[in-house]
Amino acid sequence: MTSEYILKMPGNDDGVISNEPKRRVSIITDPVMESRMGHDNLGFEPNTKRKISQHSSHSEDGPVRRKSNLHNAQNVDSAAINSYEQRVNGEVNRTKKQSFSEVLAKINQEYETGQQNAQIEQSWIYSLCMRCRVEYSTPSWEPPGWQKVCPYPLCPPYRQFARIISIILIGLLLWTTAYVIIGDSAAPGGQLFQLAVLTVAANFGGFLISLTTLPPLIGMLLVGLLFQNVGWVNLDGEFTKVTAELRKFALVIILTRAGLEMDPKAFKKVYVTILKLGLIPWTVEAALIGVLTHYFLDLPWMWSMMLGSIIAAVSPAVVVPCLFRLRTKGYGVAKGIPTLIIAVAGIDDAASVAVFGIISSIMFSSQGLAFQIAQAPICIFGGLGFGIFWGFLCKYVPEKGDAYVVPIRTLMLLGGGLLAVFGSEKIHFEGAGPLGVVFAAFTASYFWCGDGWDLEDNPVATAFEIFWMIFEPILFGITGASIKIHELDPHMVAIGTIIIYVCIIIRIATTIGIAFGDKLNVKEKIFVAISWMSKATVQAALGPVALKAVSQQHRSEEQHLAELVKNFCILSIILSAPLGAILISISGSKLLTKTKPMLEPPEGWRRSHRPSLHDISIIDEEEEREDIEGIADEDTAANTLSNAQASVFSVTKF
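The shown structure was predicted, so the numbers you read here are calculated from the model rather than taken from an experiment. (Residues numbered from 1 in each chain as written. Predicted model: local features only at pLDDT ≥ 70, side-chain atom pairs only at ≥ 80, totals over all residues. Heavy atoms only, no water.)

1. Topic: the overall build of the chain
- Within the chain, the regular secondary structure consists of 24 helices and 4 strands.
- Per-residue burial over the chain gives 45% buried out of 654 residues.
- Partitioning the contacts of the chain with sequence separation of at least 6, the portion at a separation of at least 24 is 73%.
- When the accessible surface of the chain is summed, it comes to about 34100 Å², and 63% of that surface belongs to carbon and sulfur atoms. (Helix = DSSP H or I, 4+ residues; strand = E, 2+ residues; numbered from the N terminus. Buried < 20%, exposed > 50% of the residue type's maximum accessible area, 1.4 Å probe, protein only. Contact = heavy atoms within 4.5 Å. Areas by Shrake-Rupley, 256 points an atom, 1.4 Å probe, with all protein chains shown as cover.)

Okay, structure coming up:
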């Protein structure tokens, strides 16, 4: 019978196929190989062309031979079996076989290790480390040895670490530049330097509070409060002009984001519901705040109504992150409840800022009666007109195919908003500017969506997220730093707390009562009403405005009234923002219907939904924890079973 061999001669890499039969030769006829140690047969194996065992793990020397088709050295773990020879430093050593008790001890050790890993993953330290980490959709490049220096999950990924370092370096560069230009104010001990330190500390405080699932703005507010009352910061005097202008910048960003959050299609379909739910509860709460503060805190009617217009505003900084968490899990999406709440929050804020601007213009204006009467219609129609015009202009300037369309559109909206706010203040129609900012963003978003942009993947909104990340700690830091505890009136704090909670309860009841005909069941009405109880952004931006106006006009007799308005606004933030965030997050999974399949995160510019600045992760914590524990238990059991099977296989081989 003819057999086929593949022969590879030394020094020749090409195989030569020979069909000639080869006779079997003696195993001792190869004198060259006599001095070589055998591979599988320790006694004697001089012939290199013999088939080798399928369990051999050594590398071949000499001419390459054809191996058996069954040969696969990867099938059996030779380290586990420990019964085969290995070539080490030119000598063949035979490892010692393991006893049955040693194998069982190894199984128990592996099982205990798996149990320890499962316990570590369920510990609060592991949960805290994972909460601090930022997971990315693409793998993070790491320098060599990063995991040894910064092991998972105790340290952040290198991408997150590099981002933090880059922000610190940018801050140092900006401070150095400011110090060179400005001088002593930017030096350590100067007011600008104190503001920079306060902003950094507020950002860090907000991060720590966010780990407890509360809004970061609470931590920022508390840091400002601490710095002021410990004596680490002093922003009084001439520097109040700087903080006032920073509040206006923050207000422009807040209102622009509110306009960009409103879905034009949803607004068009349910605009009656949005206007009804946005204006009626707001009017009830504003009027109730005005009446109660007039009779219980002795505020004049104009001051009490101005305070009511500020307090009645809903905070997007609290509502939006909570709704983001609910929306990504599918709660309330079928009926568009998140979109409804966000749209109403935008209308609510626009109404608050517009009415506040009208009232403050009347209070602090030196013009005649006719000018004061014309405030309301001019502010409303002037703000709407400017907003629609500027939003329409942003559709055509720049051209939608421009390579720099995103940054130019961002600057167009930002510049238009600043022009509206500062310009309306200059001509003494403060109420028109904020209303124009909201409608400019909304109108522009409407046209951009018509040109093909997705509301959930709007890069301009992403840019304003970045702006808000910068101005949020500034706004709430300086707001907290304006409170001096030793100057607070205990009577005002006690009465103010009661007034705030009473008005919140009445607003919730009003919202539930007027939500008929909106295709919402009772549970959904309750959730929608609860969502609008949080106060934060508008209160922080507008609370000190009256104090600034009084100081500029040297109306010392009204100084205490302006102080009371400012302190009442800050008290409303402290009392309502944490409670509102907790109630929204907990009640969402209980009161809303979950839609399946859940929403997938958008692609493109954004890897996550836009309202994801500081995600609040209270809802479904128990459900998620059970899922994670179940998966961990299954993985641990599977690994233990696999290890046990491998060890038993090793025992049977012995």
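So that's the structure; there's more coming.
2. Some remarks on unusual backbone geometry
- Cis rather than trans, the peptide bond between Val-397 and Pro-398 has omega equal to 5°.
- Note that Pro-398 resides in the loop between helix H15 (375–396) and helix H16 (405–426).
- The phi torsion at His-428 lies on the positive side, around 65°, for a residue other than glycine.
- You can see His-428 is positioned in the loop between H16 and helix H17 (432–450).

3. A few points about the packing of helix H7 (residues 216–230) against helix H18 (residues 459–480)
- Remark: H7 packs on H18, axes separated minimally by 7 Å, with the N-to-C direction vectors making an angle of 45°. Between H7 and H18, the crossing angle belongs to the class labelled oblique. Along this stretch, H7 crosses H18, giving a crossing that reads as right-handed. Contacts from Leu-217, Met-220, Leu-221, Gly-224, Leu-225 and Gln-228 of H7 reach H18 at Glu-472, Pro-473, Phe-476, Gly-477, Thr-479 and Gly-480. (Axes fitted to C-alpha atoms, helices over the stretch in contact; angles between N-to-C directions. Parallel < 35°, antiparallel > 145°, perpendicular 65-115°, else oblique. Left-handed = near helix turned anticlockwise from the far one by under 90°.)

4. Let's talk about the pattern of salt bridges
- A full pass over the atoms with the stated rule returns 9 salt bridges.
- The shortest N-O distance in the salt bridge between Glu-285 and Arg-507 comes to 2.7 Å. Note that Glu-285 is positioned in helix H10 (residues 271–296) and Arg-507 in helix H19 (residues 490–514), a separation of 222 residues in sequence. Arg-507 carries the same exposure label as Glu-285, and that label is buried. (Salt bridge = Lys/Arg side-chain N within 4 Å of Asp/Glu carboxyl O.)

5. Regarding the confidence of the model for the chain
- Residues of the chain with pLDDT of at least 70 account for 69%, and the chain-wide mean is 74.
- Confidence drops under pLDDT 50 across residues 1–95; counting only partners more than four residues distant or on other chains, this segment forms 95 contacts.
- In this model residues 644–654 is a low-confidence stretch, pLDDT under 50, and it forms 14 contacts with partners more than four residues away in sequence or in other chains. (pLDDT = per-residue confidence, 0-100.)

6. Quick notes on the packing of helix H13 (residues 337–364) against H15
- Taken N-terminus to C-terminus, the directions of H13 and H15 make an angle of 140°; their axes are 10 Å apart at the nearest point. The orientation of H13 with respect to H15, classified from their angle, is oblique. As for the relative orientation of H13 and H15, their crossing is right-handed in sense. Contacts between H13 and H15 involve Ile-358, Ser-361 and Ile-362 from the first element and Gln-375, Ala-376 and Cys-379 from the second.
- In terms of residue class, the contact of H13 with H15 is made up of 4 nonpolar, 2 polar and no charged. (Nonpolar A, V, L, I, M, F, W, Y, C, P; charged D, E, K, R; others polar.)

7. With respect to the nonpolar core
- The biggest cluster of nonpolar side chains holds 125 residues, and the ones touching the most others in it are Leu-217, Trp-303, Phe-476 and Phe-527.
- Each residue touching Phe-476, except ones within four places of it in the same chain, is listed here: Leu-217, Met-220, Leu-221, Trp-468, Ala-536, Thr-537 and Ala-540. (Core = buried A, V, L, I, M, F, W, Y, C linked by side-chain atoms within 4.5 Å.)

8. Let's talk about H16
- Helix length check: H16, at 22 residues, gives a terminal C-alpha distance of 31 Å against a target of 32 Å (1.5 Å per residue), a fit within 8%.
- Looking one or two residues past H16, His-428 carries a phi angle of roughly 65°, positive in sign. (Expected span 1.5 Å × (residues − 1).)

9. Side note on the packing of aromatic side chains
- Following the criterion strictly, the structure yields 16 aromatic pairs and no others.
- Geometrically, the ring pair formed by Trp-175 and Phe-193 is edge-to-face, given 6.0 Å between the ring centres and 65° between the ring planes. Of this pair, Trp-175 sits in helix H5 (residues 158–182) while Phe-193 sits in helix H6 (residues 191–210), and the two are 18 residues apart along the sequence.
- Ring geometry for Phe-227 against Trp-232: centres 5.2 Å apart, planes inclined by 85°, an arrangement best described as edge-to-face.
- Accessibility expressed as a relative area gives 51% for Trp-232, which makes it exposed.
- The ring of Trp-453 carries the charged tip of Arg-409 above its face, separated from the ring centre by 4.7 Å. (Phe/Tyr/Trp six-rings, centres within 6.5 Å; stacked < 30°, edge-to-face > 60°. Lys NZ or Arg CZ within 6 Å of the ring centre and 35° of its normal.)

10. Observations regarding the side chain of Asp-348
- Its place among the elements puts Asp-348 in helix H13.
- When near neighbours in sequence (up to four residues on either side) are disregarded, Asp-348 contacts Gly-278, Trp-282, Ala-312, Ala-313, Val-314 and Arg-507.

11. Remarks on H6
- Taking 1.5 Å of rise per residue, 20 residues should cover 28 Å, and H6 covers 28 Å from first to last C-alpha, within 8% of that figure.
- Looking at the buried side of H6, the elements it contacts are H7, helix H8 (240–261) and H18.

12. Some points on the environment of Leu-297
- Along the chain, Leu-297 falls in the loop between H10 and helix H11 (301–311).
- Along the primary structure Leu-297 and His-491 are separated by 194 residues, whereas in three dimensions their C-alpha atoms are 8.8 Å apart.
- With residues up to four places along the chain from it excluded, the contact list for Leu-297 reads Leu-292, Met-492, Ile-495, Ile-499, Leu-564 and Phe-568.

13. What to know about the environment of Pro-316
- Positionally, Pro-316 belongs in helix H12 (residues 316–328).
- Accessibility expressed as a relative area gives 13% for Pro-316, which makes it buried.
- Each C-alpha atom, one on Pro-316 and one on Asp-349, is 8.7 Å from the other, the two residues being 33 residues apart in sequence.

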